[in-house]
Amino acid sequence: MDKELVVGADIGGSHITAALVDLESGAVLEDTVQKQAVNAAAGAGEILQRWASAIDRAIQAVTVNVPAIGIAMPGPFDYPNGVSLIKGVAKYEALYGANIRTALKQALDFPGSIYFGNDASCFALGEAWAGEGAGCSRMVAVTLGTGLGGSFLQDNRILQQGAGVPPEGYIYHLPYRNGIAEDYISSRWLISEYQARTGRSLPDVKAISELAEKQDAIALQLFHEMGMALGEVLSPWLREFQAQRLVIGGNIRKAHPFFLPALQQWLLENEVGASVQISSRGERSALAGAAWVCKTAGQA
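In this text, all values refer to a predicted model and were calculated from it rather than measured experimentally.

Rules and cut-offs
- Residues numbered from 1 in each chain as written.
- Predicted model: local features only at pLDDT ≥ 70, side-chain atom pairs only at ≥ 80, totals over all residues.
- Heavy atoms only, no water.
- Helix = DSSP H or I, 4+ residues; strand = E, 2+ residues; numbered from the N terminus.
- Rg over C-alpha atoms; globule rule 2.2 N^0.38 Å.
- Lys, Arg positive; Asp, Glu negative; His and termini not counted.
- Charge placed at Lys NZ, Arg CZ, Asp CG, Glu CD.
- Axes fitted to C-alpha atoms, helices over the stretch in contact; angles between N-to-C directions.
- Parallel < 35°, antiparallel > 145°, perpendicular 65-115°, else oblique.
- Left-handed = near helix turned anticlockwise from the far one by under 90°.
- Contact = heavy atoms within 4.5 Å.
- Pairing = 2+ DSSP bridges.
- Core = buried A, V, L, I, M, F, W, Y, C linked by side-chain atoms within 4.5 Å.
- Buried < 20%, exposed > 50% of the residue type's maximum accessible area, 1.4 Å probe, protein only.
- Expected span 1.5 Å × (residues − 1).
- Polar contact = N/O pair within 3.5 Å; in protein donor to acceptor, adjacent residues only side chain to side chain.
- Salt bridge = Lys/Arg side-chain N within 4 Å of Asp/Glu carboxyl O.

Q: Kindly report on the overall build of the chain, identifying the contributing residues and their values.
A: In terms of regular secondary structure, the chain is built from eight helices and 14 strands. At 19 Å, the chain has a C-alpha radius of gyration in line with the 19 Å of a compact globule built from 300 residues. Overall, the C-alpha framework of the chain stretches about 55 × 40 × 35 Å when taken along its three principal axes. Here the chain contributes 23 positive and 30 negative side-chain charges, whose respective centroids are spaced 2 Å apart.

Okay, structure coming up:
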C-alpha cells in the first residue's frame, strides 16, 4: 500500500465512527473523525446509507488518495467475505446475508479495498499497536460493555488457539457460576442486579457509576463483585498464557475506580503477574485496529 492514510471505522449498536488513520503510527487524525447516529432496527438501505455517509465524509477530509477502508464490525459476521450474519440480536437484522463490502463499494463508488475485523479484536489490535499495550509481547484485551469481549495477542497478532487461549479466543462464553462469564460481567448484569437488589430501574451503567460516586452501598458492592468476577474468570487464562499486560476497554472502563481495586486484589491473591491498564483511547483504538487490518491484509 503506497499511501499513508486509510479509513478506520467502528460500527456500534447505535452509531458509526469513521476517521483517517496514519498507517505508520496508528494515530487517528482527530480533525477527520466523523460520527453518525444509526438506527440499528432500520431497513438495509437506511443503515448502509448512514455508514457510507460517515465513511465518505472522512475520505473527503483530505485531498490524497485513500486506498483502503478497515471496518470494526460486531459479529456474527463473515469477515473475510464481508457478509453480515447478524441475526436474533435485535440489531442490524435487515442486513442478514448481505454482502456489506459490495454494498459499500457501490454506495461510495470506492475503487479501493475494504476489509473487516471483529470489533473486540480491532480494539485489541489498536491497543497493541498504539495504545496501552504498545511494546508488549503477550497481551490480553477485554471490552466491558453490553457484553464481554476478549482477545489474546502475541506480537500484535490475535490468537484463537494455543496454551492459555480459550476456545476461539473468546471469554464471554466461558462457564461461570450458573451460566457464562458474560452473565455476570456486563452492563446487563449491573443494571438488572441493581434493580433486583433495590427495586429501582436505572437506564445505564453511567447512572450506577454516578451513584457509586455518591457512595451508594449497592452500586459500590456491584462494581466490587464484578471486579472480583472478572479476576476469577481471567486468572487461570492470564497465568497459563503468561500475559504481561491486561488492557481494559469498553464503556464500563470509565467506572474503573469502582471495580479495578477488586480485580487487582484478585489477581494479586492468585499470583497473576500481568499488569492492568485502562484504555485511554477507547473507540480510537478500534479505529486504529481497523486500520491495522488494512495494514496487515495479505500477510501470513
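There's plenty left to go through after this.
Q: Describe the packing of helix H1 (residues 44–59) against helix H2 (residues 100–108), listing the residues and the values that go with them.
A: It is the contact of H1 with H2, at a shortest axis distance of 10 Å, that shows an interaxial angle of 60°. In terms of their interaxial angle, H1 and H2 are classed as oblique. Once H1 is placed against H2, the crossing between them reads as right-handed. Of the residues in H2, those in contact with Leu 48, Trp 51, Ala 52, Ile 55 and Asp 56 of H1 are Ile 100, Ala 103, Leu 104, Ala 107 and Leu 108.

Q: Describe the sheet that holds strand S2 (residues 15–22), naming the residues involved and giving the relevant values.
A: Strand pairing in a sheet relies on backbone hydrogen bonds. The paired strands run either parallel or antiparallel. Strand order across the open sheet formed by five strands is S3-S2-S1-S4-S7, with mixed pairing between neighbours. Edge positions in the sheet fall to strand S3 (34–37) and strand S7 (113–118), since each has one partner strand and no second. Looking at each pair of strands side by side, their axes are set apart by 20° on average, direction ignored. Note that strand S1 (residues 5–11) and S2 share seven bridges and pair antiparallel. By the bridge assignment for S2, Leu 5 is matched with Asp 22. Each of strand S4 (68–73) and S7 touches H2; the most contacted strand, S7, lies at about 135° to it.

Q: A description of the nonpolar core should follow, citing residues and the corresponding values.
A: One finds Leu 144, Ile 185, Leu 190, Phe 223, Leu 246 and Ile 248 to be the most contacted residues of the largest nonpolar core, which totals 45 residues. Elements represented by at least two residues in this core include exactly strand S8 (138–144), strand S9 (148–154), helix H4 (187–198), helix H5 (205–213), helix H6 (217–241), strand S13 (245–249), helix H7 (256–269) and strand S14 (275–278). Examining the composition of this core, we find that 10 residues originate from one element, H6, more than from any other. With sequence-adjacent residues up to four places away left out, Ile 185 is seen in contact with Leu 144, Gly 147, Leu 148, Met 226, Ala 229, Leu 230 and Val 233. Core analysis: the second largest hydrophobic core is formed by 33 residues, Val 38, Ile 59, Val 66 and Phe 110 among them.

Q: Describe the sheet that holds strand S10 (residues 157–159), and please don't skip the residues or the numbers.
A: Spatially, five strands are ordered S10-S9-S8-S13-S14 in an open sheet, and the strand pairing comes out mixed. Looking at the sheet topology across the chains shown, the edges are occupied by S10 and S14. The mean inter-strand angle of the sheet, taken between neighbouring strand axes irrespective of direction, is 30°. Across three bridges, S9 lies against S10 in antiparallel orientation. Bridge assignment links Gln 154 to a residue of S10, and that residue is Arg 157. Against the sheet, H6 touches S8, S9, S10 and S13, its axis set at about 155° to S8.

Q: Any details on helix H3 (residues 119–130)? Residues and values, ideally.
A: The end-to-end C-alpha separation of H3 is 16 Å, in line with the 16 Å expected for 12 residues at 1.5 Å each. Counting buried positions along H3 yields 10 of 12 residues, so the element is predominantly enclosed. Those residues of H3 that sit buried are Ala 120, Ser 121, Cys 122, Phe 123, Ala 124, Leu 125, Gly 126, Glu 127, Ala 128 and Trp 129. At the N-terminal end of H3, a side-chain oxygen is found 2.9 Å from the backbone nitrogen of Ala 120, two or three residues along, and the residue is Asn 118.

Q: Residue-level account of the pattern of salt bridges, with values.
A: This structure, assessed with the given rule, holds four salt bridges. The salt bridge partner of Glu 182 is Arg 188, with a shortest N-O separation of 3.1 Å. Using a relative accessible area of 15% as the deciding quantity, one classes Glu 182 as buried. Judged by relative accessible area, Arg 188 falls into the partly exposed class, the value being 41%. The shortest N-O distance in the salt bridge between Arg 197 and Glu 225 comes to 2.7 Å. With Arg 197 in helix H4 and Glu 225 in helix H6, this residue pair connects regions lying 28 residues apart in the sequence. Connected through salt bridges with shared partners, the residues Glu 193, Arg 197 and Glu 225 form a single ionic network.

Q: Lay out the environment of Leu 85 with the relevant residues and their values.
A: Here Leu 85 shows up in the loop between strand S6 (83–84) and H2. A relative accessible area of 37% means that Leu 85 is categorised as partly exposed. Sequence spacing of Leu 85 and Ile 59 is 26 residues, and the spatial spacing of their C-alpha atoms is 27 Å. Aside from chain neighbours lying at most four places away, what touches Leu 85 is Pro 76, Phe 77, Asp 78 and Tyr 96.

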